[in-house]
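Here is how the chains run, residue by residue.
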Amino acid sequence: MELDISPRLPKKVYGVDGGSYFAWCPEELPMLRDGNIGAAKLALEKYGLALPRYSDSSKVAYVLQGSGTAGIVLPEKEEKVIEIKKGDSIALPFGVVTWWFNNADTELVILFLGETHKGHKAGQFTDFYLTGSNGIFTGFSTEFVGRAWDLDETIVKKLVGSQTGNGIVKVDASLKMPSPRKGDREGFVLNCLEAPLDVDIKDGGRVVVLNTKNLPLVGEVGFGADLVRIDGHSMCSPGFSCDSALQVTYIVGGSGRVQVVGADGKRVLETHVKAGALFIVPRFFVVSKIADSDGLSWFSIVTTPDPIFTHLAGKTSVWKALSPEVLQAAFNVAPEVEKAFRSKRTSDAIFFPPSN
């Protein structure tokens, strides 16, 4: 069976008034199931509230658009009420309870990427809702709910019967929701558009890497993430993850071309991508991207907390490390051709601006 890693768009799972929840399906993108990876997107309209929930998978959330408020409760901890905005990245380990609210006119859109190897369904997140028409209260009998929370039957029936929303509800504008608290963002959120750059190549591209130093909860999530932005017509050097990690890539903005080469030198993907698409690069496969005139940006997770990449172009390329004689024999070329090949790309850049 031929490997299909073509980029895909998500499908709507639920949502009516207040917003919608979308997910990428393992049936359409088999690499999700094969790699135990989940991917989903939450879009909230003004006054939309994503009801309190926890998941069977650890995730990283990335705010693609808008601003709003998030509630985060770590196991046995107090609630953190956090202001969120475009560019924010939030690590969500196992057992975290979250809610999301949009109080602005602009739609709030949040991307979720994570691992599902401990989940109920490979390649798919399963959320467990504390409230709502499919929340835990609706599953227990009135007797169990009453005894557990020391409530009389009348109150229990009101609690259960009043929950008509499924996952997302629209809150009445008169209801005052919790305000973000100063200091609650610290240690929970990193804004990738404002954080110090890990890589900055003039007219080439920029990278911000999420790690345990700038976002401590990344250590509990168990995988790394980054935001990459390359300028118009620039190229991201061909490279691969040399520690058997999968690369899960969501196109945040712009557009461009992608090529992926696998075993036996076979090009397994050649496509044009634009904002909203998601694709997965298999272990050890080599990937490279070239931006269109409007540039190209993507948010990725790599299924290991400390990924190691090998780039095949630039000063640190493996080609530069190999002996000239080995390259000459391997390419079956004259010494002057090998010398010309080796003399190019002498900087340690991983992004290459267009040639003048």
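Calculation rules
Residues numbered from 1 in each chain as written. Predicted model: local features only at pLDDT ≥ 70, side-chain atom pairs only at ≥ 80, totals over all residues. Heavy atoms only, no water. Core = buried A, V, L, I, M, F, W, Y, C linked by side-chain atoms within 4.5 Å. Buried < 20%, exposed > 50% of the residue type's maximum accessible area, 1.4 Å probe, protein only. Contact = heavy atoms within 4.5 Å. Pairing = 2+ DSSP bridges. Helix = DSSP H or I, 4+ residues; strand = E, 2+ residues; numbered from the N terminus. Axes fitted to C-alpha atoms, helices over the stretch in contact; angles between N-to-C directions. UniProt positions renumbered as here; feature names shortened; annotations may be inferred. Salt bridge = Lys/Arg side-chain N within 4 Å of Asp/Glu carboxyl O. Phe/Tyr/Trp six-rings, centres within 6.5 Å; stacked < 30°, edge-to-face > 60°. Parallel < 35°, antiparallel > 145°, perpendicular 65-115°, else oblique. Left-handed = near helix turned anticlockwise from the far one by under 90°. Nonpolar A, V, L, I, M, F, W, Y, C, P; charged D, E, K, R; others polar. pLDDT = per-residue confidence, 0-100.

*Asks:* Sorry, what's going on with the nonpolar core here?
*Replies:* Side chains of nonpolar character tend, in soluble globular proteins, to be buried together. Ranked by internal contacts, the top residues of the largest apolar core, which has 80 residues, are Leu42, Ile84, Trp100, Ile110, Leu278 and Ile280. When near neighbours in sequence (up to four residues on either side) are disregarded, Ile110 contacts Ala40, Lys41, Leu42, Ala61, Tyr62, Val63, Leu64, Ile84 and Trp100. Core analysis: the second largest hydrophobic core is formed by 7 residues, Leu51, Trp99, Val171 and Met177 among them.

*Asks:* Just checking my understanding: could you explain the sheet that holds strand 5 (residues 59–65) for this structure?
*Replies:* Through backbone hydrogen bonds, the strands of a sheet pair up, either in parallel or in antiparallel fashion. The strand order 1-2-3-10-5-8-13 describes an open sheet built from 7 strands, whose pairing is antiparallel. Each having just a single partner strand, strand 1 (11–14) and strand 13 (189–191) make up the two edges of the open sheet. Between one strand axis and the next, the sheet turns by 25° as a mean value, whatever way the strands run. Sheet topology places strand 5 next to strand 8 (residues 88–92); 4 bridges connect them, and they run antiparallel. Following the sheet pairing, Tyr62 is matched in strand 8 by Ser89.

*Asks:* Is there a simple way to explain the pairing of strand 2 (residues 19–23) in this structure?
*Replies:* Side-chain positions along a regular strand alternate between the two faces of the sheet. Taking burial as the measure, the 5 residues of strand 2 include 4 buried ones, the bulk of the element. Of the strand pairs in this sheet, strand 1 and strand 2 are connected by 3 bridges, and their pairing is antiparallel. Counted as the bridge partner of Lys12 is Phe22 from strand 2. Taking the residues that link successive antiparallel strands as the turn, the strand 1-strand 2 hairpin has 4 residues, and the phi of Gly15 there is positive, at about 130°. Here 5 bridges tie strand 2 to strand 3 (residues 37–44), and the two strands are oriented antiparallel to one another. Each residue of the ladder has a partner; that of Tyr21, found in strand 3, is Leu42.

*Asks:* It is not clear to me how the UniProt feature "domain: Cupin type-1" (unreviewed entry) in the protein should be interpreted in this structure. Could you clarify?
*Replies:* As annotated in UniProt, the feature "domain: Cupin type-1" (unreviewed entry) corresponds to residues 3–157 and 195–339 in the numbering used here. When the span residues 3–157 is considered, its composition is 15% helix and 43% strand, and the gap between its end C-alpha atoms is 52 Å.

*Asks:* Explain the pattern of salt bridges to me, please; I cannot follow it from the model alone.
*Replies:* As a working rule, side chains carrying opposite charge can pair if their charged atoms are close by. A full pass over the atoms with the stated rule returns 13 salt bridges. For Glu28, the salt bridge identified is with Lys11, shortest N-O distance 2.7 Å. Taken together, the positions of Glu28 in the loop between strand 2 and helix 1 (30–35) and Lys11 in strand 1 put the pair 17 residues apart, joining distant regions of the chain. A residue is classified by how much of its surface remains accessible, and Glu28, at 28% relative accessible area, is partly exposed. A cluster of three or more residues bridged by salt bridges with shared partners is formed by Arg53, Lys59 and Asp127.

*Asks:* Help me understand the packing of aromatic side chains in this model?
*Replies:* Both the distance between ring centres and the angle between the ring planes are used here to describe each pair of aromatic rings. Scanning all chains against the criterion turns up 9 aromatic pairs. Ring plane angle 85° and centroid distance 5.9 Å describe the contact between Trp24 and Tyr250, whose orientation is recorded as edge-to-face. Taken as a pair, Trp24 in the loop between strand 2 and helix 1 and Tyr250 in strand 18 (residues 247–261) lie far apart in primary sequence, 226 residues in all. Take Tyr250: its relative accessible area is 4%, and that puts it in the buried class. Measuring from ring centre to ring centre gives 5.4 Å for Phe331 and Phe341, while their planes differ by 70°; the resulting arrangement is edge-to-face. With a gap of 10 residues between them, Phe331 in helix 7 (residues 324–331) and Phe341 in helix 8 (residues 335–343) connect regions that are remote in the sequence.

*Asks:* Honestly, the packing of helix 7 against helix 8 in this entry has me stumped. Any pointers?
*Replies:* A pair of packed helices is captured by two measures, namely the crossing angle of their axes and the spacing between those axes. Relative orientation of the contacting elements helix 7 and helix 8 amounts to 115°, with a least axis distance of 9 Å. Put simply, helix 7 runs roughly perpendicular to helix 8. Our pair here, helix 7 against helix 8, has a crossing hand that is right-handed. Between helix 7, through Pro324, Leu327, Gln328 and Phe331, and helix 8, the contact on the second element is made entirely by Pro335, Glu338, Phe341 and Arg342. A breakdown of the residues in the contact of helix 7 with helix 8 according to their chemical character gives 5 nonpolar, 1 polar and 2 charged.

*Asks:* How do you make sense of the confidence of the model for the protein when you look at a structure like this?
*Replies:* Low-pLDDT portions of the prediction should not be read for the details of their coordinates. Overall, the prediction assigns the protein a mean pLDDT of 90, with 95% of residues at 70 or greater. Of all secondary-structure elements in the protein, the lowest mean pLDDT belongs to strand 22 (residues 309–311), at 72, while strand 9 (residues 97–101) reaches the highest, 98.

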